[in-house]
2 protein chains.
Amino acid sequence: MTRGSDDMSGYGGSVPVRVTGASRAAKGGAIGVLIRSIGTSKNRYAHTGSVRYEEAVPKVPVAALSNPDADLLERLVSRGSPVRVRFRLDCRTLENVETANIVGEVLGREKPDEVVVLSGHIDSWDLGTGAIDDAAGCGMAIEAARLIGSLPRRPLRTVRVVLFANEENGLAGGHAYARQHAAELGRHAGVMEADSGTGRPIGFAWNADPSARPIIGALAKLLAPIGATKMEAGGYGGADISPLSTSDVPLFGLRQDTSTYFDYHHTQNDTFDKIEPESMRKATAALAVWAYVVADLPEGLPRGRIEKK
Amino acid sequence: MTRGSDDMSGYGGSVPVRVTGASRAAKGGAIGVLIRSIGTSKNRYAHTGSVRYEEAVPKVPVAALSNPDADLLERLVSRGSPVRVRFRLDCRTLENVETANIVGEVLGREKPDEVVVLSGHIDSWDLGTGAIDDAAGCGMAIEAARLIGSLPRRPLRTVRVVLFANEENGLAGGHAYARQHAAELGRHAGVMEADSGTGRPIGFAWNADPSARPIIGALAKLLAPIGATKMEAGGYGGADISPLSTSDVPLFGLRQDTSTYFDYHHTQNDTFDKIEPESMRKATAALAVWAYVVADLPEGLPRGRIEKK
């Protein structure tokens, strides 16, 4: 998940400190920048993420400290004792290599050329293994499509699973998809991304024509038994599908309980044991219901955009 | 806290795997040993501790893996895929250096030569900073003595705070205390160690003459308002004071809620932010009440030993 996400209270507001901090501090004469991790963990793992250097400014090293270590540094500084910090960083930008989106389909029974997309991203930030960001989303998208494929009656349209490459480092997979499928976007009935971890589903963000609202309301009713009823209008659903926001394709983002998400996200601690199976089952059900309904609407969802207030 | 502790369910039973595992495996031809951490954390920190090599057996390297990493290795092995592990260890035994116990006293009003000891240990296992093992115990012992010293009426006997050196690596501080104070042990009315972290107090372990039971029961009543009523007969109170178990000095160990203790103990994660202030306040109160009562008993506690069943 990238900084564009808008349902993680505090994250979006804090991330610019990391992304732009190095160049801003360098302009003031800093030779290095150390920030408190933009994460909620009490563990001694630094939460890390992208940094952007301005062109004409010296590229000073920037590092994140875990919260406990930042606490320690604060205590030392507040005592007035001289504090000396040594940076030992081995992060670097490697040459680009070719990767690929992974695409699979459950063909629709009447309109196989029209598609509904369930997606996540297969790359992960370094340090951890990416279990919650975003193997969880990929696993749920695949499983939701498998469930639909195993039903006696398939929906009208095709359900396509897209596992995007390179979310973390520039959305190359998402941009490539938008480019390569440009001619086909008119036959995209809806695109969903799941990229908020392993928590229980609370609903969807949606962006289509405002006249889609009654259908969205009906979806919320269907999902009431698992509590995924919050339907949030606006936005672009997810980072990988944001390149589609200039089209009129209805965009959706799975919303989940993210109260522990930033304990693990972009740290060494994003590992398989953090997966919550019961919540994943519910979130998968929400994706399957969404995909079946949207793929089976005779007229499709009203296409268009709501501008987020 | 060392492996001798007996109120941490599972810990005492599992530790021999780590302590003796290397030599046992080497006898069977192993060239290295990797164990799952003997700890409860879901984080990717290895829980570490002492290893003992047998004399005539090759000293093979032994390392601990965090639980998530052990899970991963298990999954790989269970798939039947070839698994290759590279050991990179930089642990080593350094030369001994001289350290010292730290001792302070609040003098008794009538029998200043008789002492009641409140103790913890100032050294810590490496990796973390030792906030819960055992800065917590040291802090509580000091604060309990300070509280007693600030009262308008001091107890009959002296309250002595002893912060032992070298608990982790052989109990040198505890052995030195027992040796240097051998002539004075008859004037030790009671010795308490606090070395179970930062959790709320649940009571004491005690070892004295069985006829002390009514006094112990009265202590439990005094501590009922903070829930520290569990009085457990037997044992030797704590690792640092265990060298006193061959004497007849009444020995005590503070018992605390240790349900999260092994999430942090002997890992990089044993840092100040893990301290629970409210629980520490209660545990400090329990120590202060214990010390005042034992230091103020006109006849002192009945001296002797209960053999633990």
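Relevant structure appears above.
A short tour of the structure in this document, coming up. All values reported here derive from a predicted model rather than from experimental measurement.

1. A look at the relation of the copies chain B and chain A
Consideration 1: Rotating chain B by 180 degrees and moving it 0.0 Å along the rotation axis overlays it on chain A with an RMSD of 0.0 Å. Each copy turns onto its partner about a two-fold axis. Residue N43(B) of chain B places its C-alpha closer to the rotation axis than any other residue of that unit, at 3.9 Å.
Consideration 2: When the interface residues of chain B are mapped onto chain A, 100% of them again lie at the interface, so the same face is used by both copies.

2. Observations regarding the packing of helix α3 (residues 131-149) of chain A against helix α7 (residues 277-296) of chain A
Residues and elements named next belong to chain A.
Consideration 1: Following both chains from N to C, one finds α3 and α7 inclined at 55 degrees, their axes separated by 8 Å at the closest point. One way to sum up the angle between α3 and α7 is to call them oblique. Between α3 and α7 the crossing geometry is right-handed. Residues A136, M140, A141, E143, A144, L147 and I148 of α3 lie in contact with α7, whose contacting residues are M280, A283, T284, L287, A288, A291 and Y292.

3. Quick word on the packing of aromatic side chains
Consideration 1: Per the counting criterion, the structure on display carries 7 aromatic pairs over all chains.
Consideration 2: Summarising the aromatic geometry, the rings of Y261(A) and F262(A) are spaced 5.1 Å apart at their centres and angled 90 degrees between planes, so their arrangement reads as edge-to-face.
Consideration 3: For F262(A), a relative accessible area of 9% puts it in the buried group.
Consideration 4: Relative to Y177(B), the ring of F164(B) lies with its centre 5.8 Å away and its plane at 80 degrees, an arrangement referred to as edge-to-face. Residue F164(B) is found in strand β5 (residues 157-164), and its partner Y177(B) is found in helix α4 (residues 172-180); the two are separated by 13 residues along the sequence.
Consideration 5: When its relative accessible area of 3% is taken as the criterion, Y177(B) is described as buried.

4. Side note on the interface of chain B and chain A
Consideration 1: Each partner contributes residues to the interface: chain B has 15 residues there, and chain A has 15 residues.
Consideration 2: Of the roughly 1300 Å² buried where chain B meets chain A, counting both sides, 45% is carbon and sulfur surface.
Consideration 3: The largest contributions to the chain B side of the interface with chain A come from K42(B), R44(B) and D273(B), which together make up 39% of the buried area.
Consideration 4: On inspection of chain B and its partner chain A, the count reaches 0 salt bridges.
Consideration 5: Within the side of chain B that touches chain A, the residues separate by chemical class into 4 nonpolar, 5 polar and 6 charged.

Parameters at a glance
Residues numbered from 1 in each chain as written. Chains lettered and ligands numbered in written order. Predicted model: local features only at pLDDT ≥ 70, side-chain atom pairs only at ≥ 80, totals over all residues. Heavy atoms only, no water. Least-squares fit on C-alpha atoms with pLDDT ≥ 70 in both. Contact = heavy atoms within 4.5 Å. Axes fitted to C-alpha atoms, helices over the stretch in contact; angles between N-to-C directions. Helix = DSSP H or I, 4+ residues; strand = E, 2+ residues; numbered from the N terminus. Parallel < 35°, antiparallel > 145°, perpendicular 65-115°, else oblique. Left-handed = near helix turned anticlockwise from the far one by under 90°. Phe/Tyr/Trp six-rings, centres within 6.5 Å; stacked < 30°, edge-to-face > 60°. Buried < 20%, exposed > 50% of the residue type's maximum accessible area, 1.4 Å probe, protein only. Buried area = accessible area lost by both parts, 1.4 Å probe. Salt bridge = Lys/Arg side-chain N within 4 Å of Asp/Glu carboxyl O. Nonpolar A, V, L, I, M, F, W, Y, C, P; charged D, E, K, R; others polar.

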